Structures are given as C-alpha cells and as structure tokens.
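Listed here are the chains, written in short residue letters.
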Amino acid sequence: MSRGCFARTADTLIVRMPAFAALTIAFVLALGAAPVESADQPNAFELAATDVTILNPDSLQVIGHGHYHVTHLEGADLFEGENNYLDGEHDSEVQRVECGANASPPILVSYQHSFFAADGEPESIDRLDAKSGSVSCILYSRGVPEVRESKIAVPPDTYAGSTQLMLLVGRLRQGARDITMHAFICLPGPRIVSIKVTPPSTTEKWPMYPGNLVKVELIPDLGWLNAIAGPFIPKAYGWFDPGDDFNYVGGLFDRFYRRRHLLMVKTPPDPKVAQAR
C-alpha cells in the first residue's frame, strides 16, 4: 500500500482550498522522499477531511460547492479538488507534492488549475512544473488561447491553492509567529511572488463558522510592482480552528484575478453544528 508523505491507515484523505490567485486561495502552495512517520506521529502538514460551501460574500447566497481530496502515492501525494457552481461553471486543480525531509513540508512538483464556462469550454489554465521551471497562464477568448509562458527558477517553498493551505495549517500547528512562502499566480502572466502571513496572538468569532478562530491575511510582495499593482490585488483571508488542530474552515478570495470575490466555508460533517451557526 502506498503511504505518501502522510503516514495513515487509509490510502485516501479528503482536503480542500483555492489558489492565492484563486484565493484563490487558491490557496497553496511541495520534492524529495522522506522516511514514513508512524501513525502515532502525524505529519503537521496533513490536511483534514473538508468539503466547502461557496457563497457570494455580499449576499451570502450559496453559489456552489467544493470537494478536495489527497491520494497517497509512493513518496508523494496528489492533491485534487473541484469546485462546481450552480450556474454551470466549474474549476479543478491537480497538484503533486513530494515528501520533505524530516519535519519539513512537502515540496510542490507540479500544479494545474483549470477553469471552465457553463458550456464546458475552457476559460483559463494555470500551470507550473517546478522541476523544469516551466510556468504558463492560458486565457481563452472565444475558444482561442492566449498563452503567456516562461521558464524561471522556482523556489522550493513555492505553493498554490490547496498546498498553500497545507503550509499554513502545518506552520500554525508548529506555532510559527511568522509564515513565509512563495506563491505561483497569473497576473495575467506567470509570476512567483513572496507571501507573508503573521498569525494573530488572539482568536476571534466569525459569523460563518462556530468557535474561536484564527484569522490570517495573505500579504503578497510584488517587488517594484507593488506601487502599480498593489491597489488592484484582491485581499485574501483564511480562517482556521485551533480547537480542531488548526484545520481550515473558510476563506475569502477571488476565484481568479479576472473574476468575482468568493467566500468559502467548511461544510460541517455534523448537521447539528451547521444549525448552531
């Protein structure tokens, strides 16, 4: 049986989230095989089982649902997720990470996030291959692709979408006071940007989910582009539950940079919890 980066007794776990650009979060954003830990020593970067409800943040109207899962491979893990919207649009992401050494986070090897219109036609595709350094952003107009691509050195702490969540959850569990990473985004061409997160020292209530939660903001550093693009970069926030091992419970972000704001909220497994909100 393949065990992947997270030692478990089952081959498949369910997880979730958007790219920072899909912030995405969407949310992400891991290379090298590591010894498998025992089941008594869970990996800090393992994500919990999560389904999400997608809402319009202004009206709080439900507009879709998301479902993400992780499949354990030999020395690696495959992150897959799909968001389905009530208007027929959908998007899906596939990421492969290889195990990090000891207690270090898994390293992102490849990433693809594809967006589709209600008629099934592609709208855009974001791709990254960390080993070759190949990155691309494809935007479709009337079925014709506009391809922006380049080759760059991809820092080993680069993540996107759900692997960004993986890193945030793991660092929160480790008690980090400052969390840094790089994120792959399309703006509109491919870019790797620095991200900084400073977890607050206190928790807060959030009307969308019960409990005392940790709210974080993902702050990008675009270098010299900050002065120009900074005002146009959408805010990205995530909420995590310290009472549930800092698992992700929601986020506010853009579906991608050419789309609307979205609010994602973890769907409680127990209907009584949902009623208590």
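Conventions used here
- Residues numbered from 1 in each chain as written.
- Predicted model: local features only at pLDDT ≥ 70, side-chain atom pairs only at ≥ 80, totals over all residues.
- Heavy atoms only, no water.
- Disulfide = S-S within 2.5 Å.
- Buried < 20%, exposed > 50% of the residue type's maximum accessible area, 1.4 Å probe, protein only.
- Helix = DSSP H or I, 4+ residues; strand = E, 2+ residues; numbered from the N terminus.
- Contact = heavy atoms within 4.5 Å.
- Core = buried A, V, L, I, M, F, W, Y, C linked by side-chain atoms within 4.5 Å.
- pLDDT = per-residue confidence, 0-100.

1. Re the state of the cysteines
Phase 1: Per the counting criterion, the structure on display carries two disulfides.
Phase 2: The side chain of Cys5 participates in a disulfide bridge whose partner is Cys99; the two sulfur atoms lie 2.4 Å from each other. Taking the torsion about the S-S bond as the criterion, the Cys5 to Cys99 disulfide, at about -100 degrees, is left-handed.
Phase 3: On the accessibility criterion, Cys99 (4% relative accessible area) is buried.
Phase 4: Residue Cys137 pairs covalently with Cys186 via a disulfide, S to S 1.9 Å. Disulfide Cys137-Cys186: the torsion about the S-S bond is -90 degrees, which places it as left-handed. Of this pair, Cys137 sits in strand 8 (residues 134-141) while Cys186 sits in strand 11 (residues 179-186), and the two are 49 residues apart along the sequence.
Phase 5: Look at Cys137 and you get buried, because its relative accessible area is 5%.
Phase 6: Cys186 sits in the buried class, given a relative accessible area of 3%.
Phase 7: The cystine pairing of the protein, numbering bonded cysteines in sequence order, is 1-2, 3-4.

2. Considering the environment of Pro190
Phase 1: Along the chain, Pro190 falls in strand 12 (residues 190-197).
Phase 2: The sequence separation of Pro190 and Glu149 amounts to 41 residues, and the corresponding C-alpha distance is 6.6 Å.
Phase 3: Residues in contact with Pro190, not counting those within four places in the same chain, are Val135, Ser136, Cys137, Arg148, Glu149, Ser150, Phe184 and Ile185.

3. Looking at the nonpolar core
A general trend in soluble globular proteins is that nonpolar side chains are found buried together.
Phase 1: Core analysis: the biggest nonpolar cluster contains 44 residues, and Leu128, Phe184 and Phe240 have the highest contact counts within it.
Phase 2: Contacts of Phe240, omitting those with residues within four sequence positions, involve Leu165, Leu168, Val169, Leu172, Leu213, Val214, Val216, Phe246, Asn247, Tyr248 and Val249.
Phase 3: In terms of nonpolar packing, the next biggest core, distinct from the first, is built from nine residues, Leu55, Trp206, Trp239 and Val265 among them.

4. A word on unusual backbone geometry
Note: most peptide bonds trans; most residues except glycine with negative phi.
Phase 1: Phi is positive for Arg142, which is not a glycine, with a value near 55 degrees.
Phase 2: Residue Asp245 is not a glycine yet carries a positive backbone phi of 60 degrees.
Phase 3: Within the secondary structure, Asp245 is located in the loop between strand 16 (237-241) and strand 17 (247-254).

5. Quick notes on the confidence of the model for the protein
Phase 1: Mean pLDDT for the protein: 82, with 77% of residues reaching 70 or above.
Phase 2: The weakest mean pLDDT in the protein belongs to strand 1 (residues 12-15) at 38; the strongest belongs to strand 10 (residues 158-159) at 98.
Phase 3: Across residues 8-40, confidence stays below pLDDT 50; counting only partners more than four residues off in sequence or on other chains, it has 182 contacts.
Phase 4: Every residue in residues 271-277 scores below 50 in pLDDT, and together they form nine contacts with partners more than four places removed in sequence or on other chains.

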